[in-house]
Amino acid sequence: MPPLSDTFRTAWQLYSHPRVVVMLFLGFSAGLPYLLVFSTLSAWLADADVDRAAIGYFSWVGIMFSIKVFWAPVVDRLKLPLLNRLLGQRRGWLLLAQVGIALSLAAMALVEPVGHLERFAQLALLVAFCSATQDICIDAYRIDSADESFQGAMAATYIFGYRTAMLVAGAGAFYIASYDSWNGAYHAMAWLMGVGIVTTLIIREPNTPPRESFGRDPKQWLETALIAPFRDFFGRYGRIALGLLALVAIYRISDITMGVMANPFYLDIGYTKNEIATVAKFFGFFMTMLGSAVGGLAVLRHGLGRSLLVGAVGVALTNLLFAVMATYSPVTEVPVDPEQVRWVSLAWLAAVISADNLFGGFANVALIAFMSSLTNRNFSATQYALFSSLMTLPGKFIGGFSGEVVEASGYTVFFNYAALLGVPAILLTIWWLRRRDETAGR
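Residues numbered from 1 in each chain as written. Predicted model: local features only at pLDDT ≥ 70, side-chain atom pairs only at ≥ 80, totals over all residues. Heavy atoms only, no water.

### Examining the pattern of salt bridges
The full count for this structure, using the stated rule, is two salt bridges. A salt bridge links Arg252 to Asp255, with the shortest nitrogen-to-oxygen separation between them at 3.2 Å. (Salt bridge = Lys/Arg side-chain N within 4 Å of Asp/Glu carboxyl O.)

Given below as structure tokens:
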């Protein structure tokens, strides 16, 4: 066993490598727009008294992240005029996507949702499209810019940057909105995209072999880029392939559906934007990171199957805690001692948020490990993009009707409904546990 000093020296050399450090800033750039078209956007709309059903439909904007696989081959092959000559293919596309995000966020900051909801939705859709394109570019840059020995460290720094940006776009946006306005918050987020833009201008284009363009043998390009990954997957897993894809598709439905209405729920039952920022966003950030760390350790020590099942059950059960909160939250009671009741209500919120984020982080790590286990290294980028797209698409679609459920039946019924949506994931996980010997070594 090497001395502890050697271990620290090796870790420092690894994590201080320029390619690894770069992923911290690119991760920040990738994570910043996500909540701004998801839960933070829902809070702005709720604060503006937008109809709850309309807020639910806005979650469909996030479907862009679920269908990015359809234009990923274009980003991978098409050379942009001028930008390709100045920056290279990866950096050219990356800069275009980042500038698109910044300008779209700035435009949203100039528009009020009430009275301009259609234009507001169009701008949110543009932010999501540019953000999904940025994700494609960053994943490709990470894979192309360093060998396999650096990929783990690059992924770790990317996740840390991504989660930090989500904290800024969550808690940070709430704090700014509390002291200024939602327009001011989105304007500040547009400026923060400068982190990614400056990083893209500084980094070097990775050394990659020439890629086949659209003009050269389109039939061969179609076969390599789109058909071969599908044929490989179904060839390896045969009759159980559709079941595996179904598990990937529905595993996060319960979590995603609940998340659409979480911020409107907090506001509707009486929590302030400052309280939401502090407890649900800032405190929740650390609970998610803890859940992710525990999930990674559980996969290592107890295996992927058990971890996947614990994550599925935990996510469904924490949605039931929200149902209890909707019925009995002390923030809605007439207080005898207002200060005491306020602290009780915040403690209750912290407890529910802790459970939800711990299991959410745990389940996400387990699902990523599961998808990685299904991927053939010969088609890793394409197959993982397909899995990650499928992972969120059903949840985003069903989540679009969340506002309708709340409007029709209230929050208590909605959170029970969200918990029930987790049952198929539990059942399919049990099915996979019984059939996983058939997937071993494939």
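Read on for the rest.
### Thoughts on the environment of Val406
In this structure, Val406 sits in helix H20 (residues 402–409). When its relative accessible area of 9% is taken as the criterion, Val406 is described as buried. Residue contacts for Val406: discarding those within four places in its chain leaves Met261, Tyr411 and Phe414. (Helix = DSSP H or I, 4+ residues; strand = E, 2+ residues; numbered from the N terminus. Buried < 20%, exposed > 50% of the residue type's maximum accessible area, 1.4 Å probe, protein only. Contact = heavy atoms within 4.5 Å.)

### Description of the side chain of Thr429
Among the secondary structure elements, Thr429 is positioned in helix H22 (residues 423–435). In this structure, Thr429 is in contact with Leu247, Tyr251, Gly305, Leu308, Leu309 and Ala312, ignoring residues within four places of it in sequence.

### Quick look at the nonpolar core
Judged by nonpolar contacts, the single largest core of 91 residues is most densely connected at Leu41, Leu105, Met108, Trp182, Tyr186 and Tyr266. Aside from chain neighbours lying at most four places away, what touches Leu105 is Leu36, Val127, Tyr186, Met189, Ala190 and Met193. Counting 29 residues, the second-largest nonpolar core is a separate cluster that includes Ile250, Leu304, Phe370 and Trp432. (Core = buried A, V, L, I, M, F, W, Y, C linked by side-chain atoms within 4.5 Å.)

### Here we look at H22
Counted at 1.5 Å a residue, the expected span for H22 with its 13 residues is 18 Å, and the 19 Å between its end C-alpha atoms agrees. Within H22, the full set of buried residues consists of Ala425, Ile426, Leu428, Thr429 and Trp432. All buried residues of H22 project into a common sector of 170° when viewed along the axis, lining one side. Facing away from the buried side of H22 by over 90 degrees, the exposed positions are Leu427 and Arg434. (Expected span 1.5 Å × (residues − 1). Arc of directions from axis to C-beta.)

### Re the packing of H20 against helix H21 (residues 411–420)
Where H20 contacts H21, the axes come no closer than 7 Å and their chain directions differ by 135°. Accordingly, the angle class assigned to the pair H20 and H21 is oblique. Along the contact surface, H20 presents Ser402, Val405, Val406 and Ser409, while H21 presents Tyr411, Val413, Phe414 and Tyr417. Residues that form the contact of H20 with H21 fall into these classes: six nonpolar, two polar and no charged. (Axes fitted to C-alpha atoms, helices over the stretch in contact; angles between N-to-C directions. Parallel < 35°, antiparallel > 145°, perpendicular 65-115°, else oblique. Nonpolar A, V, L, I, M, F, W, Y, C, P; charged D, E, K, R; others polar.)

### Considering a nonpolar patch on the surface
Taken together, the side chains of Val21, Leu24, Phe25 and Phe160 make up a nonpolar region of the molecular surface, amounting to roughly 320 Å² of accessible area. Among the elements that take part in the nonpolar patch, helix H2 (residues 18–36) stands out by supplying three residues, more than any other. In this structure, Leu24 sits in helix H2. Exposure remark for Leu24: the relative accessible area of 30% places this residue in the partly exposed category. (Patch = residues over 30% accessible without salt bridge, like charges linked within 9 Å, V, L, I, M, F, W, Y side chains within 5 Å. Areas by Shrake-Rupley, 256 points an atom, 1.4 Å probe, with all protein chains shown as cover.)

### Let's talk about the environment of Leu247
Mapped onto the elements, Leu247 comes out in helix H14 (residues 241–250). Remark: the alpha-carbon pair of Leu247 and Leu428, spanning 181 residues in sequence, is separated by 5.9 Å. Setting aside its immediate chain neighbours within four residues, Leu247 contacts Leu308, Phe370, Ala425, Leu428, Thr429 and Trp432.

### Quick notes on the packing of aromatic side chains
Using the criterion set out here, one finds 27 aromatic pairs in the structure. Each ring, one from Phe233 and one from Phe387, has its centre 5.5 Å from the other, and the planes form 70°; the classification is edge-to-face. Here the residue Phe233 occupies a position in helix H13 (residues 218–237), and Phe387 occupies one in helix H19 (residues 380–399), the gap between them amounting to 154 residues. Like Phe233, the residue Phe387 is buried in the burial classification. For the ring pair Phe322 and Phe415, a centre distance of 5.3 Å and an interplane angle of 35° mean the geometry is tilted. (Phe/Tyr/Trp six-rings, centres within 6.5 Å; stacked < 30°, edge-to-face > 60°.)

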